[in-house]
Amino acid sequence: MKHNELKVKTMFYKTLADFLFNKEEILDLCRRLYNSLKDVPTEELQTEFINKLAEIIHEQNKTE
């Protein structure tokens, strides 16, 4: 039981550390998605979300 508990805690802390390390990138992505989708009607939101996310990722890959 202790072994599994240790594995879960390690995974949790690693995920938290990864998030904190990349939080600026994640927040920037969220800001860009929000700005591009704030005027989209709810009926089209799912399709537009996927399209805009793919567009942003493609732009980021070009710059790297």
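Everything numeric here is computed off the predicted structure, so don't read it as measured data.

Novice: Honestly, a nonpolar patch on the surface in this entry has me stumped. Any pointers?
Specialist: A surface patch of nonpolar side chains, about 600 Å² in accessible area, is lined by Phe12, Tyr13, Leu16, Phe19, Leu20 and Ile26. The leading source of residues in the nonpolar patch is helix H1 (residues 2-21), at five residues. Here Phe19 lies in helix H1. Judged by relative accessible area, which is 42%, Phe19 ranks as partly exposed.

Novice: Please explain the packing of aromatic side chains as it appears in this structure.
Specialist: For any pair of aromatic rings, geometry is given as the distance between the ring centres together with the angle between the planes. For the structure shown, the criterion picks out one aromatic pair. Between Phe12 and Tyr13, the ring centres sit 5.4 Å apart and the planes meet at 65 degrees, which makes this aromatic pair edge-to-face.

Novice: Looking at this structure, how should I read the packing of helix H2 (residues 23-37) against helix H3 (residues 45-63)?
Specialist: Axis angle and axis distance: for two packed helices, these are the angle between their axes and the distance between the axes, and together they describe the pair. At a minimum axis distance of 10 Å, the contact between H2 and H3 shows a crossing angle of 135 degrees. Between H2 and H3, the interaxial angle falls into the category oblique. Once H2 is placed against H3, the crossing between them reads as right-handed. Each of Leu29, Arg32, Leu33, Ser36 and Leu37 in H2 lies in contact with H3, whose residues at this interface are Leu45, Glu48, Phe49, Lys52, Leu53, Ile56, Glu59 and Gln60. Across the contact of H2 with H3, the residue classes tally to seven nonpolar, two polar and four charged.

Novice: I would appreciate a short explanation of the environment of Asn4 in the present structure.
Specialist: Considering the arrangement of structural elements, one finds Asn4 in helix H1. Considered as a pair, Asn4 and Ile57 are 53 residues apart in the sequence and their alpha carbons are 36 Å apart.

Novice: Please clarify how the pattern of salt bridges should be interpreted in this entry.
Specialist: Oppositely charged side chains may form a pair once their charged atoms are brought near each other. Tallied over the entire structure, the rule returns three salt bridges. Across the salt bridge formed by Arg32 and Glu59, the nearest N and O atoms sit 2.8 Å from each other. Taken together, the residues span a long stretch of sequence, with Arg32 in helix H2 and Glu59 in helix H3 at a distance of 27 residues. Overall, the relative accessible area of 27% leaves Arg32 in the partly exposed class.

Criteria and cut-off values
- Residues numbered from 1 in each chain as written.
- Predicted model: local features only at pLDDT ≥ 70, side-chain atom pairs only at ≥ 80, totals over all residues.
- Heavy atoms only, no water.
- Patch = residues over 30% accessible without salt bridge, like charges linked within 9 Å, V, L, I, M, F, W, Y side chains within 5 Å.
- Areas by Shrake-Rupley, 256 points an atom, 1.4 Å probe, with all protein chains shown as cover.
- Salt bridge = Lys/Arg side-chain N within 4 Å of Asp/Glu carboxyl O.
- Helix = DSSP H or I, 4+ residues; strand = E, 2+ residues; numbered from the N terminus.
- Buried < 20%, exposed > 50% of the residue type's maximum accessible area, 1.4 Å probe, protein only.
- Phe/Tyr/Trp six-rings, centres within 6.5 Å; stacked < 30°, edge-to-face > 60°.
- Axes fitted to C-alpha atoms, helices over the stretch in contact; angles between N-to-C directions.
- Parallel < 35°, antiparallel > 145°, perpendicular 65-115°, else oblique.
- Left-handed = near helix turned anticlockwise from the far one by under 90°.
- Contact = heavy atoms within 4.5 Å.
- Nonpolar A, V, L, I, M, F, W, Y, C, P; charged D, E, K, R; others polar.

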